[in-house]
Protein chains: 2
Amino acid sequence: VNDREMLERRDREDPLAAHRDRFLLADDLIYLDGNSLGPQLRGVHGRLTAASDAWRERLIRGWNDAGWVDLTDRIAARLAPLLGVTPAEVCVTDSTSVDLFQALVAARRLRPDRTTLLIEEGTFPTDRYVAGGVADLTGAEVKSVPRDRLAAAIDDTTAVVLASHVDYRTGHRHDGAAVTAAVHDGGALMVWDLAHSTGAVAVDLGRWRADFAVGCSYKYLNGGPGAPGYLVAAAHLDDPTPAIRGWFGHARTFDFAEDWDPAPGAARFRNGTPPVLSLTALEEALTVWEGVDPASVQAKAEALTNAFVALVDERCGEVEVVSPRDARRRGAQVSLRHPDAYAVMQALIARGVIGDHRPPDLLRFGFPPLTTRFVDVWHAVENFSEILATRAWDTPAFHRRNPVI
Amino acid sequence: VNDREMLERRDREDPLAAHRDRFLLADDLIYLDGNSLGPQLRGVHGRLTAASDAWRERLIRGWNDAGWVDLTDRIAARLAPLLGVTPAEVCVTDSTSVDLFQALVAARRLRPDRTTLLIEEGTFPTDRYVAGGVADLTGAEVKSVPRDRLAAAIDDTTAVVLASHVDYRTGHRHDGAAVTAAVHDGGALMVWDLAHSTGAVAVDLGRWRADFAVGCSYKYLNGGPGAPGYLVAAAHLDDPTPAIRGWFGHARTFDFAEDWDPAPGAARFRNGTPPVLSLTALEEALTVWEGVDPASVQAKAEALTNAFVALVDERCGEVEVVSPRDARRRGAQVSLRHPDAYAVMQALIARGVIGDHRPPDLLRFGFPPLTTRFVDVWHAVENFSEILATRAWDTPAFHRRNPVI
C-alpha cells in the first residue's frame, strides 16, 4: 500500500534521506525534473564565488595557484566510481553532443572495415543527429531499429552500436552487460549514452566491458545549467584517436610542441581550455556522491518509481503508464501519456509539482534518488489526480507555449 | 620621447582611459597578460551570482524566465560589431578548438575537389593539431609554410587556408583583406583564427570577405577562465554543413524532431546545451564594448606597443624585439627574446609586472587597449631594465617551473 502515511514512514527509514539536506530545495516544492536540470548543492554558490574571486585577484596566476589546471582530472576522479571505471578512462569536457561525436568517430575508426552505425529509433535527437554527421564524415550509414531489437540487428556490417542506457522519453533501461556482450559477440563496439543513468541507477561500465560512453552532468549530477559533458574511453582500447585534437588533449600542453602527442588515456579528448567556472560548480556538486553506494541509489529509484506507478494506477486509472512496469527495466523516471500533456504539465507546475513534457503527448516525472522524498510521490499524484478530475489544465493559459519547459 | 611624464600625459588625454575603471584591477598591478586571461569587469561577479540564484530558485524554469534560452543569440549580437559581421553569422559555443574543427570541416566540404589545408609554420598548437585531425578525417593533407609565404603557396590543390590574424608568439598581424583576397584568387576558402585579434585590433570580416573565423573570449574579450569560443560562418556561404550536429543547432530544438534541420545561419553550429554560467559572465563582459570604435582600439594598441618598443630599445638594448617594428603589422602585444625568458618573466611577475613566457625563449607582453595605461609601459620597462642590469632573474626560485605560467 502507498498511502501518505506509509510513504512518510519510508522517508523516515530512507538511508539516503539526509542527502536532500545538502541541496537548496524549497521544502514545499515537489521537484520531479532533476532529470532535466538538477538542483543546486549548498556548497556550489560559495565555490563559484571563490572561482570568480580567484579570477579577479589572481588573474592569469589562477592557473598556477587556484587549482584550475587539474580541475578536469579532479572531476574525473570523482566521477569514475559512479561509472565503474578508473579516473584515467574519464574525460570531463565540452558538451555531451561534442563528446558523443568524439566517441563515435573514435569507435568507427577502430572498425574501419564495417560501415553501419546502429542506433535506436526514437533516441534522443542529438544522438540521432550526431550519428548522422559521423556517418556522413566517415563514409558510414546509420541504421535505426527499435530498442528491443538492437542485438538482433547486429550483423557483420555493424561498426558501432550507440544506445541510451535509459531512454529519455520512456525511461526504459537496458541491461548494460547483456547489450554490451551482444554487441561484442557481433564484432562491433559499444557506445553508451548515460545522460539519464549516472546518478540515477547503477552504472558499471567496467563490468559491462563497454568501449565508450558519454553523459551529461547537469541532470542527475547537478552540475548546473549547461554544465559540461563527459566521455569515457575504456582502457582496453588501444590508443583511440580523437577527431578533434585540441591543445589541452596534448601530453604536454604548455610545451607548445610542434607535433600532436596525445595525453595518456581519456585525457586526450580534452580539447580546448577547460571551462573553469562551470567545472568548479560541477566539482563541488559531485562531492555529494562520496560514500554513496550506487546499488542503494538504484534501489531507491526503483522504490520511488514503483510507488508512483502504483499510485497513478490506483488514482488516475485513465492515464497510460508508458514506462516499463518492471522497475529493473526502468530508470529513475516515469512517463505518462495524455493527449494534452503540455497543458496538464503546466497545470501541475502552477501547483508546485515540476516535471516536464516531451512531444507529442508525454508527461515526464523524474525521481532523482538523492533529492526526492517518498512523500513527493504522494503530493505529485494527489495534484495530478485532482487536475485530471477537474480538468484544471483545460484553460488557455496552460496551453500557451513557453520557450522551453 | 617616451619619458614617464609624457606617458602620464598620454593617459590623461586617452579617450579610452575611462574604460579601465569598469574593470576590477589593482592600481599597482601592471597586468600585461590580458592577451592570455583578461581581467574581470565590475558587473560580472553580480551577474554570475544572479545566474547561480536563478538556477537555485527557478530550477528548470530558468530556461523560460531567466533569459538562458537566448543567451547565445544575445552574445552573438554583442560580438558581431567587433567582428564586422551580422549577428546571424556568429555562434558562441564550445571551445575555440571545437569551433576551429567545425569551421575547417565545413570549409573543406565546400571545396571537395581540393585536398590541401594550408596553415602557418609555428602557428598555435591547437590550430596545427586540429588541422591534422581534419585532414585525417576528410582525406586531405596539411601543408605548413611561413606566414609571409601563405599567398605564394596557394595552388589548385588548396582547399582551405587557416591563418592567425595575429600570431600568438610574435604578435605579427596579417593584412586581413589582402590575405583573404589572395586566398580567394587562388580558389580556396579562408578561415581566420582571431584569438589574438578581437578586442585588440580592428577586425572587419565582412569587408575582408572572410569565409569562416574562430576566436577566443577569455583573452581580450575578458569572458573569464575557459570562457567559450566563437565561430563565424559568413552569410555568403550557402548552407555550410556542421560536422557535429547537436540538438541546440536544430532549427526547432524543443520539437525533438526526427530529422536534422539546421538552424539558419551560424546558429546551426551551436551543438549542445549552452553553458549558462560561463556565457552569463561573457555576456556581461561584452557590455564594455558598447560605443567603442574598433579604430580607436587599434590606434591605442599601436601607440602602446610603439611606446614599449621604443623604451625597450632605449633602455634594454641587448634584448631582441621579435615582434614587427611596424605597428601596422603588429597586434596589441610585443615579444622579446631572452635565453632565460622563463626566469626573467618570473622575476618580473614577482615585482607585479605580469606578462608571460612562450618556449623556448620569448617574453610576451600584451597591451589590451581598454585596460592598459601608457604609464604601465613605463613601469614594465623600468622593472625589466633593472632586472636585466642586476641579473635579478638568475636565482633558483625563478627557474622553478610552475604548472602553467
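Criteria and thresholds
Residues numbered from 1 in each chain as written. Chains lettered and ligands numbered in written order. Predicted model: local features only at pLDDT ≥ 70, side-chain atom pairs only at ≥ 80, totals over all residues. Heavy atoms only, no water. Helix = DSSP H or I, 4+ residues; strand = E, 2+ residues; numbered from the N terminus. Rg over C-alpha atoms; globule rule 2.2 N^0.38 Å. Buried < 20%, exposed > 50% of the residue type's maximum accessible area, 1.4 Å probe, protein only. Contact = heavy atoms within 4.5 Å. Salt bridge = Lys/Arg side-chain N within 4 Å of Asp/Glu carboxyl O. Polar contact = N/O pair within 3.5 Å; in protein donor to acceptor, adjacent residues only side chain to side chain. Least-squares fit on C-alpha atoms with pLDDT ≥ 70 in both. Axes fitted to C-alpha atoms, helices over the stretch in contact; angles between N-to-C directions. Parallel < 35°, antiparallel > 145°, perpendicular 65-115°, else oblique. Nonpolar A, V, L, I, M, F, W, Y, C, P; charged D, E, K, R; others polar. Pairing = 2+ DSSP bridges. Phe/Tyr/Trp six-rings, centres within 6.5 Å; stacked < 30°, edge-to-face > 60°. Core = buried A, V, L, I, M, F, W, Y, C linked by side-chain atoms within 4.5 Å. 1 Å grid on protein atoms, 1.4 Å probe; cavity = no way out; pocket = protein on both sides within 12 Å on 5 of 7 lines; lining within 4 Å. Points joined across faces, edges and corners; volume = space filled by probe spheres on them. pLDDT = per-residue confidence, 0-100.

### Notes on the overall build of chain A
A count of helices and strands for chain A gives 14 helices and 15 strands. For 405 residues, the compact-globule estimate of 2.2 N^0.38 gives 22 Å, and the C-alpha radius of gyration of chain A, at 22 Å, lies within 12% of that figure. Overall size of chain A, expressed as C-alpha extent along the three principal axes, is 70 × 55 × 40 Å. Burial analysis of chain A (405 residues in total) assigns 66% to the buried set.

### A few points about the interface of chain B and chain A
The figure often quoted for interface size is the accessible area lost as the parts come together. Taken together, the contact pairs 80 residues of chain B with 80 residues of chain A. Counting across the chain B and chain A interface gives four salt bridges. The partner of Glu258 of chain B in a salt bridge is Arg128 of chain A, with the nearest N and O atoms 3.9 Å apart. Summed over the shared surface of chain B and chain A, the result is 34 residue pairs in polar contact (both at pLDDT 80 or more).

### Here we look at the side chain of Ser217 of chain A
Residues and elements named next belong to chain A. One can find Ser217 in the loop between strand 9 (212-216) and strand 10 (229-233). We classify Ser217 as buried; its relative accessible area is 2%. Excluding its chain neighbours within four sequence positions, the residues that come into contact with Ser217 are Asn222, Gly223, Ala227, Pro228 and Leu282.

### What to know about the relation of the copies chain B and chain A
Between chain B and chain A, the superposition needs a rotation of 180° and an axial shift of 0.0 Å, giving an RMSD of 0.0 Å. Considering both components of the superposition, the chain copies are consistent with a two-fold axis. Here 100% of the contact residues of chain B are again contact residues in chain A; the copies associate through an equivalent surface.

### Re the side chain of His174 of chain B
All names here are of chain B. With respect to the element layout, His174 can be found in the loop between strand 7 (158-164) and helix 8 (176-185). Residue classification places His174 among the buried positions, given a relative accessible area of 7%. Within the local environment of His174, its side chain forms a polar contact with the side chain of Glu120, the two groups lying 2.6 Å apart. Apart from the residues within four sequence positions on either side, His174 is in contact with Glu120, Arg147, Leu150, Ala163, Ser164, His165, Val179, Trp192 and Arg329.

### Details of unusual backbone geometry
Following Pro359 of chain A, the chain continues into Pro360 of chain A via a peptide bond in cis, with omega recorded as 0°. Note on placement: Pro360 of chain A falls in the loop between strand 14 (356-358) and strand 15 (362-366). The backbone phi angle of Arg209 of chain A is positive, close to 65°, even though this residue is not glycine. Looking at where Arg209 of chain A falls in the secondary structure, it is placed in the loop between helix 9 (205-208) and strand 9. Residues other than glycine seldom take positive phi values, yet Leu59 of chain B does so here, at roughly 50°. Tracing the chain through its elements places Leu59 of chain B in the loop between helix 2 (42-58) and helix 3 (62-65).

### Quick notes on the packing of helix 1 (residues 4-13) of chain B against helix 13 (residues 374-390) of chain B
Residues and elements named next belong to chain B. Contact geometry for helix 1 and helix 13: axes closest at 7 Å, N-to-C directions at 150°. Judged on the interaxial angle alone, helix 13 and helix 1 are roughly antiparallel. When helix 1 is examined against helix 13, the residues Arg4, Leu7, Glu8, Arg10 and Asp11 are found in contact with a partner set consisting of Phe374, Val375, Trp378 and His379. By residue class, the composition of the contact of helix 1 with helix 13 is four nonpolar, one polar and four charged.

### Description of helix 12 (residues 341-350) of chain B
Residues and elements named next belong to chain B. The buried fraction of helix 12 amounts to nine of the 10 residues, a majority that puts the element mostly inside the structure. Looking at helix 12, one finds that the buried residues are Ala341, Tyr342, Ala343, Val344, Met345, Gln346, Ala347, Leu348 and Ile349. Buried residues along helix 12 sit in contact with strand 13 (353-354), strand 14 (356-358), strand 15 (362-366), helix 13 and helix 14 (396-399). Looking one or two residues past helix 12, Gly352 carries a phi angle of roughly 85°, positive in sign.

### A word on the sheet that holds strand 15 of chain A
Residues and elements named next belong to chain A. Pairing within the open sheet is antiparallel, and its four strands lie in the order 11-12-15-14. Of all strands in the sheet, those bounded by a partner on one side alone are strand 11 (320-321) and strand 14. Sheet topology note: the strand 12 (residues 333-337)/strand 15 ladder contains five bridges and is antiparallel. Counterpart to Arg337 in the pairing with strand 15 is Leu362. Contacts between helix 11 (residues 294-315) and the sheet are confined to strand 11, strand 12 and strand 15, with strand 12 contributing the most and set at about 20° to the helix.

### A look at the packing of aromatic side chains
Given two aromatic rings, their pairing is described by the distance between the two centres and the angle made by the two planes. A complete count under the given rule lists 33 aromatic pairs over all chains for this structure. Look at Phe365 of chain A and Phe384 of chain A: their rings are 6.1 Å apart centre to centre, the planes differ by 65°, and that puts the pair in the edge-to-face class. With a gap of 19 residues between them, Phe365 of chain A in strand 15 and Phe384 of chain A in helix 13 (residues 374-390) connect regions that are remote in the sequence. Classification of Phe384 of chain A as buried rests on a relative accessible area of 1%. Here a set of aromatic residues connected by ring pairs shows up, and it is made of Trp63, Trp68, Trp247, Phe248, Phe254 and Phe256 of chain A together with Phe124 and Tyr168 of chain B.

### Concerning the nonpolar core
Membership of the largest hydrophobic core comes to 215 residues, with the highest contact counts inside it found for Leu205 of chain A together with Leu205 of chain B. If near-sequence neighbours (up to four positions away) are discounted, Leu205 of chain B is found in contact with Leu83, Gly84, Val85, Trp192, Leu194, Ala210, Ala213 and Val232 of chain B. Counting residues in hydrophobic clusters, the runner-up holds 64 residues, among them Leu137 of chain A together with Cys91, Ala131 and Ala135 of chain B.

### With respect to empty space enclosed by the protein
The method is simple in principle: a probe with the dimensions of a water molecule rolls over the atoms, and the space it marks as empty is what remains. On inspection of all chains with the given rule, the structure shows 10 cavities of 30 Å³ or more. What the largest cavity holds in volume is close to 530 Å³. Forming the walls of the largest cavity are 46 residues, and the residues nearest its centre are Thr273 of chain A together with Asp94, Ser95, Thr96 and Gly229 of chain B. The set of elements that each furnish at least two residues to the lining of the largest cavity consists of helix 5 (96-109), helix 6 (125-138) and helix 10 (276-285) of chain B. Its residues assigned to classes, the lining of the largest cavity shows 19 nonpolar, 20 polar and seven charged. Taken as a whole, the second largest cavity encloses approximately 250 Å³ of empty space. As for the second largest cavity, its lining consists of 22 residues, of which Thr96, Phe124, Ala195, Cys216 and Tyr218 of chain A are closest to the centre. Secondary-structure elements contributing two or more residues to the lining of the second largest cavity are helix 5 (96-109), helix 6 (125-138) and strand 9 of chain A. Top element by residues in the lining of the second largest cavity is helix 5 of chain A. It accounts for three residues. Taken together, the residues that form the lining of the second largest cavity break down as 10 nonpolar, nine polar and three charged.

### A short note on the sheet that holds strand 6 (residues 141-145) of chain B
Whenever strands of a sheet pair, they do so through backbone hydrogen bonds, lying parallel or antiparallel. Residues and elements named next belong to chain B. Sheet architecture is open: seven strands sit in the order 4-10-9-8-7-5-6, paired in mixed fashion. The open sheet has two edge strands, strand 4 (90-92) and strand 6, and neither has a second partner. The mean angle between the axes of side-by-side strands here comes to 20°, regardless of whether they run parallel or antiparallel. As paired elements, strand 5 (residues 116-120) and strand 6 share five bridges and run parallel to each other. Opposite Leu117, over in strand 6, you have Val142 as the bridge partner. The strands that helix 4 (residues 71-83) touches are strand 4 and strand 10 (229-233); relative to strand 4, the one it contacts most, it runs at about 125°.

### Observations concerning the confidence of the model for chain A
This prediction gives chain A a mean pLDDT of 97; 100% of its residues lie at or above 70. The complex model carries a pTM of 0.98, and its ipTM stands at 0.97.

### Observations concerning the pairing of strand 15 of chain A
Most of strand 15 of chain A sits inside the fold, with five of its five residues counted as buried. Once strand 14 of chain A ends, the chain turns through three residues before running back antiparallel as strand 15 of chain A.

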